[in-house]
Every structure is written in C-alpha cells, then in structure tokens.
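Structural overview for review
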Amino acid sequence: MPTCLVTGASRGIGLEFVKQYAAEGWTVVATCRQPEQAQALAQLQGDIRVERLDVSDFARIEALGRKLDRLPIDLVLNNAAIFGPRITPYDSVDYAAWAEVMRVNVMAPLKVSAVFAANLARSNLRTAVAITSLMGSVGDNTSGGSYVYRSSKAALHAVMRSLSVDLRSKQIIVCVINPGWVRTDMGGSAAPLDAFESVAGMRDVIGRLTMRDSGSFYNYDGEELPW
Ligand SMILES: NC(=O)c1ccc[n+]([C@@H]2O[C@H](COP(=O)([O-])OP(=O)(O)OC[C@H]3O[C@@H](n4cnc5c(N)ncnc54)[C@H](OP(=O)(O)O)[C@@H]3O)[C@@H](O)[C@H]2O)c1
C-alpha cells in the first residue's frame, strides 16, 4: 500500500486525511506540532506513525527528512496553515503576523516538498499536494480584504506551480487543491462542508492525478479553478 506524509495532522482537514488514508490501508506519517496533545490523532486506527513537526522550524523539517531517509513516500500533503489576523484593513495590517503566515503557508510547503522530493521520487505515485484556498485565487477575488491569508495562498500557488515545472524531470506531480469551505477551527461552524466530505472529494481528485495535471489548481470536487 502507498505511504503518505501529512502536515498539520492534529485536527481539522489534516486529521481527516490521516483517518481516511489509514482506513484505506495506507501507511501514514502524521506530523503535528504537539503529538502529546493530539488525542484525536492518537485514537485513530491503522498504520499511523506520528512525528513531531512544526513546519515553521526548517531545521526540524530537515531532521525529519534525515530520519525518513530512503522511505518511499507516495504522497506529501502540505496541509498545515494558519489564517493570521482575521481583520486586515489595508491601512493597518499587522506586518509581523503577515511574515509568520508567509513562513507557515508559503515557505514551509516548499521546504517540506524539497526535503521529501527524494522520498517522492522513490515511490509509485510521486505526488506532492498543497492544500490551498479559493481565497488565493486572484481571478476569483472580487470581495477584497484578507490581505494576509489571500496573499499567502496566492504565493503558495506561484511556488507550487514553479515546483511542478522543476520536478517534472523526476516525474513528480505537483498540485494545489481547494478543500472548499469546511467546518473546522479555521472554517468555523457556518461552513457548508464537513471534513469527511471535503477530504473524500480531495482523495478522489488526488487518486486521478497524472503528470498531465501537474501544475494545476483543483477544487475538492474535481473542478479546475482560476488562478
Ligand atoms: N476550513 C476551511 O474552510 C478551509 C478553506 C480553505 C482552505 N483551507 C486550508 O485547509 C488546510 C487545513 O485547514 P483546517 O481548516 O483543517 O485548519 P485548522 O482546523 O485551523 O487546522 C490547522 C492545522 O494546521 C496545523 N498547524 C498550524 N501551524 C502549524 C505549524 N507551524 N506547524 C505544524 N502544524 C501547524 C494545526 O496544528 P495545531 O493543532 O498544532 O495548531 C492544525 O493541525 C489549510 O491549508 C487551510 O488553509 C481550509
């Protein structure tokens, strides 16, 4: 069975990915900041290996890369992210908070993908996915605001698109997928989708990816989205 590595596996969408892939019989490397506090993760059944990882700590990403050296990883799921300040008027943005959001949402997915590219290249499925947001779509932005989160996901798109080009020679598929608006701590209770439905849809999309899809931006239901 395939192996996947998930960042931000303690709760929300990341936790649901671990649950569903493990239930299918995959081996899952579930990474999270504080494993000792991740009770829901600890209770999941299956071939799940929990590893401590704060994705903003690049030395720890490298250390995990050394620890998992030579392990084929079929799917790297860059899921961990933060929203940052909820209210960001254009004339009073918290620039320090913005820098932290860029580190977690943009730089870390590239670092994780780069560190585990060799593991991906050893695998069968060879797929790196970043969970993005429609809020990162420049083409879809008619409501304005949300400077911090929007710009982080738009930058993530640029990063993953470049990576799709650079990893093409290794036959590694690189995509970004929008989970929809999902009832999690980030999405809030008014969201129309539950994590099960969102993740089931994204797993379906991931399962159908080929090299021809590398560099694409998909919705959880398989629709291609505007950059
Ligand atoms: N929910 C939505 O409606 C929605 C919509 C569009 C896109 N998304 C995207 O979907 C993904 C998952 O979101 P979610 O709704 O599941 O969010 P969530 O409920 O807030 O969970 C976020 C996860 O990211 C982890 N995380 C945050 N900073 C981290 C760091 N520095 N290192 C490692 N892990 C870190 C959190 O870990 P801790 O438990 O340690 O804090 C948690 O596991 C994100 O990329 C988000 O941008 C969500």
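Residues numbered from 1 in each chain as written. Predicted model: local features only at pLDDT ≥ 70, side-chain atom pairs only at ≥ 80, totals over all residues.

1. Let's talk about the overall build of the chain
Stated precisely, the cut-off is as follows: Counting from the N terminus, the helices are DSSP H or I runs at least four residues long and the strands are E runs at least two residues long. What the globule rule says is 2.2 Å times the number of residues to the power 0.38, and the radius of gyration is computed from C-alpha atoms. Each residue is classed by its C-beta neighbour count within 10 Å, where at least 20 other C-beta atoms makes it buried, 12 or fewer makes it exposed, and intermediate counts make it partly exposed; the C-beta atoms are placed from backbone geometry. Our contact criterion uses C-beta atoms placed from the backbone: two residues qualify when those atoms are within 7 Å.
When helices and strands are tallied, the chain shows seven helices and seven strands. Starting at the N terminus, the α and β elements of the chain follow one another as β-α-β-α-β-α-β-α-α-β-α-β-α-β. Over its C-alpha trace the chain gives a radius of gyration of 16 Å, about what one expects of a compact globule, namely 17 Å for 227 residues. Across its three principal directions, the C-alpha atoms of the chain cover 50 × 40 × 35 Å. Sorting the 227 residues of the chain into buried and exposed places 41% on the buried side. Restricting to contacts in the chain with at least 6 residues of sequence separation, those with at least 24 account for 66%.

2. Section: the site of the ligand
So the rule is basically this: The criterion for a residue being near a molecule or strand is a backbone-placed C-beta atom within 6 Å of that molecule or strand. As a working rule, the residues Ala, Val, Leu, Ile, Met, Phe, Trp, Tyr, Cys and Pro are called nonpolar, Asp, Glu, Lys and Arg charged, and the rest polar, with Gly in that last group.
Taken together, 28 residues lie near the ligand, and G8, G12, A81, T184 and G187 sit nearest. Of the residues that constitute the shell around the ligand, the class distribution is 13 nonpolar, eleven polar and four charged.

3. Overview of the environment of V55
For V55, the location among the structural elements is in the loop between β3 (47-52) and α3 (58-67). Of the residues examined, V55 has 24 C-beta atoms within 10 Å and is grouped as buried. As for V55 and G8, which are separated by 47 residues in sequence, their C-alpha atoms are 8.4 Å apart.

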